[in-house]
Amino acid sequence: MTQTQKRVLFALVLIGAAYFVLFIFPNNTGAKDRMMISLFEPDEFAQYPIAIKMIRPEETFKAHLINFIVYGHYYYGWPFYASSALALLPIALTQGYDNVQFNLLILRQFIGILPMLVALITLVYIQTKFKSYLQSVGLLIFLLSVSAVVENSLWWHVDSLAFLFIVFTFYFLDRDNLRFGKDFYFAAIATGLASGTKVIGLFFFLAIPAYLLIGIFTKRLAWIKAIRLGAFFTLLMALTIVIANPFMLLKSQFNDMLEILARQSRYQNKGWVLNYANGPAAWFPIIKNLYGQGIFILLSLIGLGLGIWKSENRLRHALIAFWSIPFGLYVLFVVAIKPTHFFLPILLPIYSSVIVFFEFPPFTSRNKSALAWAWGAVIAAICVYQFGIYINKDIELYQETLTREKHEESLAFYAVLAQDYLPKIQTAEKLTVFRDVRMYLPSDSRWIVKSYWNSKYSTIETLKPDLIIIWSQRILDYTQSGAQENAVDPATYQDTYQFFVDADQNQLRGYRLVYRDAEGLFFVSDALYAQFFAP
């Protein structure tokens, strides 16, 4: 690495460090206790107990090892949960397990932000080789400003780590540059880590064969060797997936994983309870809001195409296309649910190809014609325009997260319950509480809280809770016109539909409504109502 490259890297690390520190403040909110997590990030609420369980001490080392490896929540791979658990281990050893807010801060910063920073700096290196301050610093700042990146920096989730492994795959293939040496095999390991962390590494299914075919057509490889290399790449990738997920060696856990991923795929492609609309039109509002205006996305695609056509390194841009296009088409046309982070590993590499315009006039010394200057002005104007839109949205996301506890209506709802209703229930028996995950109720010695993402009579009849807390939005969603016809499973949905209709009309079987506002509803059992609330 030259002195210029070292200085550029140092500048990028400083920018990354400033970004990392900036997000400490909003990421230190929204988790005063475990129940509060679910109000803002239900995914974090589901994931957090898994990471804690993995590092809790057991009576024997074998039991502890089993806990650490067999974690059960196989929606995401072991690299994500193991790294999360290890990030919490120093805190657990020194402070115990109860500092939920600090634990979530660590997870959001070191598992959410840090891998994304490393990934983006690596992506900048792939595109610029750190030869220019202006290009390298400008590209990193621009990518960090993408509002989807900012939003993803405000929670703890698997996507930053998975994206890091995706970028590492590009990095090693770029280093290999059709030599098919050790970097090609490192790319197989990186692909295996991406696949073993969040399945998405499998979308290199087109890029790797294309890489081998380019090697054949450029006479770097013979057909037989290409077939052998392809087979070895696949074998090494598969071996990495298993090594990175050691629970797969246990048949029962492997079968559990397959069942979970199959179920997850069905939900993704239809919806959780109600069918979601799919297709580009359904995705457009999310893409426009967090990823960019259509004109900027078009400019990025032109840059990618120009890179494939006339760039100094056409292979680099071709690999991005072979990765992003099939994955992007799958998300656009197949995936029905709308997680806003799904396009991060698709569009960020494409956006990085905007840098290819610096290889052509008027950004180089060649042929600075009036037409070139006009084209350069258009490119600059589009990028500046998009950057301004990003910054406005980023400030909004940052401020919303920073102040979210002050404006969360379910906290105000609980404050009313704590002051006016819960003190009336004077009983020595420990109560069972059913609560929607979007409604706040802290843990307490007086009750056991059961948290659910959905509600229906069959669940209530099994659980037999004393108290029920429902989120009002759930009633609106599941009783809206056409909901029954739009159910993923109409046969079982009727139970859910009737539950929410009855709750809305204060006719919930076995329960009486004692408090309701715009945010939620609070029911108590008939027995408790007669004992403590009847006039």
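Anything mentioned here points back to the structure above.
Here the structure is a predicted model, which means the values were calculated and not measured.

Novice: Can you break down a nonpolar patch on the surface residue by residue, with the values?
Specialist: Nonpolar side chains collect at one region of the surface, where L298, I302, W375 and V378 lie side by side and expose about 340 Å² of accessible area between them. Listed by contribution, the elements that provide at least two residues to the nonpolar patch are α16 (294-310) and α19 (370-402). Residue position: I302 is located in helix α16. Judged by relative accessible area, I302 falls into the partly exposed class, the value being 38%.

Novice: Summarise the pattern of salt bridges; cite the residues concerned and give the values.
Specialist: Tallying each qualifying case throughout the model produces 12 salt bridges. One salt bridge in this structure joins D436 and R474, with 2.7 Å as the shortest N-O distance. In this pair, D436 is assigned in strand β1 (residues 431-436) and R474 in helix α23 (residues 472-479), connecting sequence segments 38 residues apart. Each member of the salt-bridge network shares a partner with another, and the members are K129, D174 and R316.

Novice: Any details on the pairing of β1? Residues and values, ideally.
Specialist: Buried residues dominate β1, accounting for six of its six residues. Judged by which residues are buried, β1 turns out to be covered on both faces: L431, V433 and R435 on one side and T432, F434 and D436 on the other are all buried. Pairing of β1 with strand β2 (residues 447-452) involves six bridges; the strand directions are parallel. Each bridged residue has a counterpart across the sheet, and for R435 the counterpart in β2 is S451. One ladder, built from three bridges, connects β1 with strand β3 (residues 467-471); its direction is parallel.

Novice: How would you sum up unusual backbone geometry? Please name residues and give values.
Specialist: A positive phi angle, close to 70°, is found at L178, a residue other than glycine. On the secondary structure map, L178 appears in the loop between α10 (159-176) and α11 (182-198).

Novice: Pulling in residues and values, what's your account of the sheet that holds strand β5 (residues 520-525)?
Specialist: Strand order in this open sheet of five strands is β2-β1-β3-β5-β4, and the pairing throughout is mixed. With one partner strand each, in any of the chains shown, β2 and β4 (511-516) form the two edges of the open sheet. Strand-to-strand twist in this sheet, taken as the mean axis angle between neighbours without regard to direction, amounts to 20°. On top of the sheet, helix α25 (residues 526-533) reaches β1, β3, β4 and β5; it is set at about 90° to β5, its chief contact.

Calculation rules
- Residues numbered from 1 in each chain as written.
- Predicted model: local features only at pLDDT ≥ 70, side-chain atom pairs only at ≥ 80, totals over all residues.
- Heavy atoms only, no water.
- Patch = residues over 30% accessible without salt bridge, like charges linked within 9 Å, V, L, I, M, F, W, Y side chains within 5 Å.
- Areas by Shrake-Rupley, 256 points an atom, 1.4 Å probe, with all protein chains shown as cover.
- Salt bridge = Lys/Arg side-chain N within 4 Å of Asp/Glu carboxyl O.
- Helix = DSSP H or I, 4+ residues; strand = E, 2+ residues; numbered from the N terminus.
- Buried < 20%, exposed > 50% of the residue type's maximum accessible area, 1.4 Å probe, protein only.
- Pairing = 2+ DSSP bridges.
- Axes fitted to C-alpha atoms, helices over the stretch in contact; angles between N-to-C directions.
- Contact = heavy atoms within 4.5 Å.

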